[in-house]
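# Descriptive analysis of the structure
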Amino acid sequence: MALTPQNSEVFMREVDEAVRQDQLLTFWQRYGRIALAVLVLGLAAFGGWLYWQHHSRQQSEAVSEKMDAVLTSAVGGGTPDAKELDALTKASQPGYRASALLTKAGVAARKGDAKGAIAIYSAMAADKGLDQPYRDLALIRQTALEYGSLTPQQVVDRLKPLAIEGAPWFGSAGELVALAYASMGKTDLAGPMFAAMAKDKNVPETIRSRARQMAGAMGVDAVEPAETTEG
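Residues numbered from 1 in each chain as written. Predicted model: local features only at pLDDT ≥ 70, side-chain atom pairs only at ≥ 80, totals over all residues. Heavy atoms only, no water.

### A look at the overall build of the protein chain
Regarding its fold elements, the protein chain presents 9 helices and 0 strands. Counting from the amino terminus, the protein chain carries its helices and strands in the arrangement α-α-α-α-α-α-α-α-α. In the structure as shown, the protein chain presents an accessible area of about 15,200 Å², 58% of it carried by carbon and sulfur atoms. (Helix = DSSP H or I, 4+ residues; strand = E, 2+ residues; numbered from the N terminus. Areas by Shrake-Rupley, 256 points an atom, 1.4 Å probe, with all protein chains shown as cover.)

Structure representation (structure tokens):
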């Protein structure tokens, strides 16, 4: 019996469907296990990445809480838990590690262990894994503790690059450098530096106050002109 155009079209669709099913079956028999393995591995990798993100976030939050507790204790004049502090000095986050090391050195210095504090500061200053501001601060604190055993020129050589107006540690480094200049009789260098610190509003007020007195003693005007208001 001859096929009508309509029957012929239905027949061709059925043939096409059968061919596609046969091709799909052949593909699955040949590559199905590989495709399934790739899919499973992909899902496992994605799940692992999500877990790692969650775990890292939890770890970071836990370290942050411990760091807060340690800093609160130290700032309040107490002694942080030694084990917690030691653990934080090994934290994978450089910022937390640096803060913990600074705290540990500060506690040691407060207890009279200047040698231990100096060793920590010295190691920090040489640690390229820490951000430069932490390393600079460690060098300043190390120099402050060693000041009596250093020559004035050694102090200047160490800290002069940090004792620049506008630099983050201008007040802390500048005060030590200016004192070293004064010890060498170089008041022409010390006086203006003290005056600059006294006028710099970014410098802590305690340092500005001392700098103002030192500059005045050297005959350098460190008082900012009073602001005038138009009547």
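### Topic: the packing of helix α8 (residues 187–199) against helix α9 (residues 205–217)
When two helices pack together, their arrangement is given by the angle between the helix axes and the distance between those axes. In contact at an axis separation of 8 Å, α8 and α9 are set at 145° when each is read in the N-to-C sense. Once α8 is placed against α9, the crossing between them reads as left-handed. Between α8 and α9, the contacting residues are G191, F194, A195, M197, A198 and K199 on the first element and I207, R208, A211, R212, M214 and A215 on the second. Class assignment of the residues belonging to the contact of α8 with α9 gives a composition of 8 nonpolar, 1 polar and 3 charged. (Axes fitted to C-alpha atoms, helices over the stretch in contact; angles between N-to-C directions. Left-handed = near helix turned anticlockwise from the far one by under 90°. Contact = heavy atoms within 4.5 Å. Nonpolar A, V, L, I, M, F, W, Y, C, P; charged D, E, K, R; others polar.)

### Some remarks on the environment of T151
By secondary structure assignment, the location of T151 is in the loop between α5 (132–146) and α6 (152–159). Classification of T151 as partly exposed rests on a relative accessible area of 41%. Spatially, the C-alpha atoms of T151 and A180 are 8.2 Å apart, while their sequence positions differ by 29 residues. (Buried < 20%, exposed > 50% of the residue type's maximum accessible area, 1.4 Å probe, protein only.)

### Details of the environment of D131
With respect to the element layout, D131 can be found in the loop between α4 (114–126) and α5. By relative accessible area, D131 is classed as partly exposed at 48%. The sequence separation of D131 and G95 amounts to 36 residues, and the corresponding C-alpha distance is 7.9 Å.

### Let's talk about the layout of surface pockets
Here the second largest pocket is characterised by a volume of approximately 150 Å³. Taken together, G166, A167, P168, W169, F170, G171, S172, D200, N202, V203 and P204 make up the full set of residues lining the second largest pocket. Of the residues in the lining of the second largest pocket, the class split is 6 nonpolar, 4 polar and 1 charged. (1 Å grid on protein atoms, 1.4 Å probe; cavity = no way out; pocket = protein on both sides within 12 Å on 5 of 7 lines; lining within 4 Å. Points joined across faces, edges and corners; volume = space filled by probe spheres on them.)

### What about the pattern of salt bridges?
For the structure shown, the criterion picks out 4 salt bridges. As a salt-bridge pair, D127 and R97 come within 2.9 Å of each other at their nearest N and O atoms. In this pair, D127 is assigned in the loop between α4 and α5 and R97 in helix α3 (residues 94–110), connecting sequence segments 30 residues apart. With a relative accessible area of 22%, D127 lands in the partly exposed category. Classification of R97 by relative accessible area gives buried; the value is 18%. (Salt bridge = Lys/Arg side-chain N within 4 Å of Asp/Glu carboxyl O.)

### Describing the confidence of the model for the protein chain
Overall, the predicted model of the protein chain reaches an average pLDDT of 76, with 61% of residues at or above 70. Per-residue pLDDT, averaged within each element of the protein chain, yields its smallest value for helix α1 (residues 5–75) (53) and its largest for α6 (96). (pLDDT = per-residue confidence, 0-100.)

### Comments concerning the nonpolar core
Residues L159, V177, M193, F194 and M197 are the most contacted members of the largest nonpolar core, which totals 26 residues. Taken together, the elements giving at least two residues each to this core come down to α6, α7 (170–183), α8 and α9. Excluding its chain neighbours within four sequence positions, the residues that come into contact with L159 are L139, I140, T143, A173, L176 and V177. If you look at the next biggest cluster of nonpolar residues, it comprises 12 residues, including A98, A117, Y121 and L130. (Core = buried A, V, L, I, M, F, W, Y, C linked by side-chain atoms within 4.5 Å.)

### So, α7
With 14 residues, α7 extends 19 Å between its outermost C-alpha atoms, agreeing within 8% with the 20 Å of an ideal straight helix rising 1.5 Å per residue. Extensive coverage of α7 is indicated by the burial of 10 of its 14 residues. Regarding α7, the residues found buried are F170, G171, A173, G174, E175, L176, V177, A178, A180 and Y181. Looking at the packing, one finds that the buried side of α7 touches α5, α6, α8 and α9. Looking one or two residues beyond α7, the residue adopting positive phi is G185, at roughly 80°. (Expected span 1.5 Å × (residues − 1).)

### Here we look at the packing of α3 against α5
Running from N to C, α3 and α5 cross one another at 10°; their axes reach a closest spacing of 11 Å. Between α3 and α5, the interaxial angle falls into the category roughly parallel. Taking contact as the criterion, the partners of G95, A98, S99, L102 and A109 in α3 are, on α5, Y134, L137, R141 and L145. Residues belonging to the contact of α3 with α5 are distributed by class as follows: 6 nonpolar, 2 polar and 1 charged. (Parallel < 35°, antiparallel > 145°, perpendicular 65-115°, else oblique.)

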